[in-house]
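Topology and contacts: notes
Chain by chain, the residues:
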Amino acid sequence: MTNIRIGNGYDVHALAAALPLFLGGVKIESPTGCIAHSDGDVAIHALCDALLGALALGDIGKHFPDTSEEFRGIDSKILLQRTMEMVKEKGYRIGNADITIAMQKPKLAPYITEMRETLAGLMGTSPENVSVKATTTEKLGFVGRGEGCEVYATVLLLK
């Protein structure tokens, strides 16, 4: 029986004007937000993919398809809670999570502590086990042009 599992997640969403921006379960002041079927919290989506991947349970689209009316406009915190139920059903808990958000603007540093606390609470762990980092792409690519946001997430699960 494997007592340690590692998962990686990645997600990307296009940005558009006049949409709300949610990252890591926190509403961010921004003139643009993510285009999505749900609330578009790309950080939580990548985290869910990492958790599901660690347990070889597929991806977020398998469990929460963007073709389902049930998930239209859903708060992504609910998706993370449901994903954590699957993690717990398999007998695992969070060792740690490491999340990197690539976004040109707005500056995310003022929101990092709240994101860590929010995500930790949803995952039933301490904020010291949740790392959230923000970076730009130095104005390169779709992220640098302000067209989208991408997030990488890695998790360690312990039995």
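Where an unreviewed UniProt entry is consulted, the chain appears under the name 2-C-methyl-D-erythritol 2,4-cyclodiphosphate synthase, with the organism given as Candidatus Cryptobacteroides faecipullorum. Recorded in UniProt for the chain, the comment headed Subunit (unreviewed entry) runs: "Homotrimer." Under Sequence similarities (unreviewed entry), UniProt gives the following word-for-word description of the chain: "Belongs to the IspF family."

Quick word on a nonpolar patch on the surface
On the surface, a nonpolar cluster with roughly 340 Å² of combined accessible area is contributed by Tyr 10, Val 12, Phe 142 and Tyr 152. Relative to the helices and strands, Val 12 is located in strand β1 (residues 4-17). Classification of Val 12 as partly exposed rests on a relative accessible area of 33%.

Topic: the UniProt feature "binding site: a divalent metal cation" (unreviewed entry) in the chain
According to UniProt, the positions carrying the feature "binding site: a divalent metal cation" (unreviewed entry) are Asp 11, His 13 and His 45. For this annotated set, covering 35 residues, all C-alpha atoms fall within 10.1 Å of each other, a compact arrangement in space. As for the lining of the largest pocket, the annotated residues named previously contribute Asp 11, His 13 and His 45. A relative accessible area of 17% places Asp 11 in the buried class. Filtering out sequence-adjacent residues up to four positions away, Asp 11 remains in contact with Val 42, His 45, Ala 46, Cys 149, Glu 150 and Val 151. Reaching out from Asp 11, the side chain makes a polar contact with the side chain of His 45 at a distance of 3.2 Å. Following the sequence through the fold, His 13 ends up in strand β1. Apart from residues lying up to four places away in sequence, His 13 is in contact with Cys 34, Ile 35, Ala 36, Gly 40, Val 42, His 45, Glu 147, Gly 148 and Cys 149. Polar side-chain contacts of His 13 include one of 3.2 Å to the side chain of Asp 11.

Description of the pattern of salt bridges
For the structure on display, the rule yields five salt bridges. When the shortest N-O distance is used, the salt bridge between Arg 82 and Glu 70 registers 3.2 Å. Remark: Glu 70 occurs in the loop between α2 (60-63) and α3 (76-89) and Arg 82 occurs in helix α3; sequence separation between them is twelve residues. Of the residues examined, Arg 82 reaches a relative accessible area of 31% and is grouped as partly exposed. The residue Lys 133 makes a salt bridge to Asp 98 at a minimum N-O spacing of 2.5 Å. In this pair, Lys 133 sits in strand β6 (residues 130-135) while Asp 98 sits in strand β5 (residues 93-102), placing the two residues 35 residues apart along the sequence. Among the residues examined, Asp 98 registers a relative accessible area of 30% and is labelled partly exposed.

Quick word on the UniProt feature "site: Transition state stabilizer" (unreviewed entry) in the chain
Here the UniProt feature "site: Transition state stabilizer" (unreviewed entry) sits at His 37 and Thr 136. The greatest C-alpha distance among the residues just named is 25.0 Å, and with 100 residues of sequence between them they are spread in space as well. From this annotated list, the subset lining the largest pocket comprises His 37. With respect to the secondary-structure elements, His 37 resides in the loop between β4 (32-34) and α1 (42-54). Residue His 37 is classed as buried on the basis of its relative accessible area, which comes to 17%.

The rules behind each value
- Counting restarts for each chain: residues are numbered from 1 in the order of the written sequence.
- For a predicted model such as this one, the threshold for reporting local features is a pLDDT of at least 70, and the threshold for listing and counting side-chain atom pairs is 80 or more; totals across whole chains, interfaces and linings nevertheless cover every residue.
- Calculated side-chain values reflect all of the structure's heavy atoms, with hydrogen atoms and water omitted.
- UniProt positions are given in the numbering used here, feature names are shortened, and annotations may be inferred rather than shown by experiment.
- Like charges are joined within 9 Å and nonpolar side chains (Val, Leu, Ile, Met, Phe, Trp, Tyr) within 5 Å, but only among residues with over 30% relative accessible area and no salt bridge; these make up the patches.
- Accessibility throughout is a Shrake-Rupley quantity obtained with a 1.4 Å probe, and a residue counts as covered only by protein chains that appear here.
- Any Lys or Arg side-chain nitrogen found within 4 Å of a carboxyl oxygen on Asp or Glu counts as a salt bridge.
- Comment: elements are numbered from the N terminus, with helices defined as DSSP H or I runs of at least four residues and strands as E runs of at least two.
- Each residue is assigned to one of three classes by its accessible area relative to the maximum for its type, calculated with a 1.4 Å probe on protein chains only: buried under 20%, partly exposed between the two thresholds, exposed over 50%.
- In this analysis the probe radius is 1.4 Å and the grid spacing 1 Å, with only protein atoms considered; a cavity is a set of points the probe fits into but cannot get out of, a pocket is an open set with protein on both sides within 12 Å along at least five of seven lines, and lining residues have an atom within 4 Å of a point.
- Contact between two residues is taken to exist if any of their heavy atoms lie within 4.5 Å; hydrogens are not considered.
- Any pair of nitrogen or oxygen atoms within 3.5 Å is treated as a polar contact; in protein, a donor-acceptor pairing is required on top of that, and neighbouring residues in sequence qualify only through side-chain atoms on both sides.

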